[in-house]
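Observations on chain architecture
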Amino acid sequence: APESLMQALEDLDYLAALDDDGNLSEVGIIMSEFPLDPQLAKALIASCEFDCVEEMVSLAAMLTASPCFVPLSTHLEEAVALRRRALLHPSGDHFTLINIFNAFQQRAVPAADAGDEGWCRKQGLCAEALRLAATVRAELLEAMRRIELPVSPPAFGSDANALNIQRALISGYFLKVARDIDGSGNYVMLTHKHVAHLAPACGYLLRAPPRRLPPWVLYHEFTISQDNCLRVVSEIQPQMLVELAPQYYLSNLPPSEGRDLLMELREKVLAAEEAVPAEAE
């Protein structure tokens, strides 16, 4: 449909993938080197700037490969859920996927599948999907080296690295942000004011004991046709969104309380930036 095409072009423009003439920009040309959706490609490129390439390339592979979670039979559900909970990362589902991939890689036995198959079965994970993710990851790294993008060393687990992963994600996924409007999990998506909920498999809903849901989240996908749920969700700080999303994107958001909050934050950031030179003088 023409509307979908126009929306796709607008999204590419927000991602800085197009130049003023509507052709691919330098960033857009680099994005096109990766067999990924534009937002994920942009986040992967941003990871070079934020020194979290090893982690983002693992995440990109996990998001591109088949889903790694298998449906659980009722009699196994509680025991597997307990083991799965140990893999949950406090920063959100994106980080949990990196956690799972790293744990799988530590157990994978070259030229033999028995070791990783048994571990995956206990966690309720699909070994085939994780092996596919490892293949995709190797291909993405090869593409990065071919076009001479810098690959930073692994640093997963540090607070600084977690912030850098969030920055890289926001650089690509600022179009997919939602805000909990009432503290009970009713998330309004900033771009079109639709209210959605977290998917049942979301890590924030699996934590024991239950804790507060994040006020602001970045999500990988939204499925209105199935269950009106946000999938693969991680908490973000609105301050970071103001700093990293294009200003004209924020200005073009439909009116909402979330947009007003972001505009207030932007004014504070601008005032602080203007105050620094004044102090220097």
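Report on the accompanying structure. Quantities reported herein were computed from a predicted structural model and do not represent experimental measurements.

The next point concerns the overall build of the protein. Helices and strands together make up the secondary structure of the protein, namely 13 helices and five strands. Once the C-alpha set of the protein is aligned to its principal axes, its extents read approximately 65 × 50 × 45 Å. The buried share of the protein, reckoned over its 281 residues, is 47%. Nonlocal contacts in the protein, meaning residues at least 24 apart in sequence, comprise 65% of its contacts between residues at least 6 apart. For the protein, the computed accessible surface area is about 14500 Å², with 55% contributed by carbon and sulfur atoms.

Time to look at the sheet that holds strand β1 (residues 177-180). Read once around its circumference, the closed barrel built from five strands follows the order β1-β2-β3-β5-β4, with strand pairing classed as mixed. Here the strands of the sheet are splayed against their neighbours by 50° on average, with no regard to which way each runs. Relative to strand β4 (residues 216-223), β1 is paired through three bridges, and the arrangement is antiparallel. Across the sheet, residue Ala 178 finds its bridge partner in β4, namely Val 217. In the packing of helix α6 (residues 93-107) onto the sheet, contacts are made with β4 and β5 (229-235), and the angle to β5 comes to roughly 80°.

Backbone torsion omega between Ala 208 and Pro 209 reads -5°, so that peptide bond is classified as cis. Counting through the fold element by element, Pro 209 comes out in the loop between α10 (203-206) and β4. Phi angles above zero are rare outside glycine, and Glu 148 is one such case at about 60°. Note that Glu 148 resides in the loop between α8 (127-146) and α9 (159-173). We note that Asn 228 has phi near 55°; this positive angle belongs to a residue other than glycine. Within the secondary structure, Asn 228 sits in the loop between β4 and β5. A relative accessible area of 18% places Asn 228 in the buried class.

Moving on to helix α4 (residues 53-64). Between its first and last C-alpha atoms α4 spans 16 Å; for twelve residues at 1.5 Å apiece the expected length is 16 Å, and the two agree. The buried fraction of α4 is high, at eleven of twelve residues. Among all positions in α4, only Val 53, Glu 54, Glu 55, Met 56, Val 57, Ser 58, Leu 59, Ala 60, Ala 61, Met 62 and Leu 63 are buried. Contact partners of the buried residues in α4: α3 (38-49), α6, α8, α9, β4 and β5.

Of the pockets and cavities examined, the largest pocket occupies roughly 800 Å³. Taken together, 30 residues make up the lining of the largest pocket; nearest its centre are Cys 68, Phe 69, Arg 84, Ala 201 and Cys 202. Of the pockets and cavities examined, the second largest pocket occupies roughly 290 Å³. Lining the second largest pocket are 16 residues, and of these Gln 7, Asp 11, Leu 175, Thr 191 and His 192 lie nearest its centre. Those elements that provide at least two residues to the lining of the second largest pocket are α1 (2-14) and β4. Among the elements that make up the lining of the second largest pocket, the one with the highest residue count is α1 (four residues).

Right, let's get into the packing of aromatic side chains. Describing an aromatic ring pair means giving the distance of the ring centres and the angle of the ring planes. In total, this model carries three aromatic pairs according to the counting rule given. Aromatic side chains Tyr 14 and Tyr 249 sit 5.1 Å apart centroid to centroid with 75° between the ring planes, which places their arrangement in the edge-to-face category. Residue Tyr 14 is found in helix α1, and its partner Tyr 249 is found in helix α12 (residues 247-251); the two are separated by 235 residues along the sequence. Judged on exposure class, the residue Tyr 14 and its partner Tyr 249 are both buried. Members of the aromatic cluster, connected to one another through ring pairs, are Tyr 14, Phe 174, Tyr 248 and Tyr 249.

Rules of the game
Residues numbered from 1 in each chain as written. Predicted model: local features only at pLDDT ≥ 70, side-chain atom pairs only at ≥ 80, totals over all residues. Heavy atoms only, no water. Helix = DSSP H or I, 4+ residues; strand = E, 2+ residues; numbered from the N terminus. Buried < 20%, exposed > 50% of the residue type's maximum accessible area, 1.4 Å probe, protein only. Contact = heavy atoms within 4.5 Å. Areas by Shrake-Rupley, 256 points an atom, 1.4 Å probe, with all protein chains shown as cover. Pairing = 2+ DSSP bridges. Axes fitted to C-alpha atoms, helices over the stretch in contact; angles between N-to-C directions. Expected span 1.5 Å × (residues − 1). 1 Å grid on protein atoms, 1.4 Å probe; cavity = no way out; pocket = protein on both sides within 12 Å on 5 of 7 lines; lining within 4 Å. Points joined across faces, edges and corners; volume = space filled by probe spheres on them. Phe/Tyr/Trp six-rings, centres within 6.5 Å; stacked < 30°, edge-to-face > 60°.

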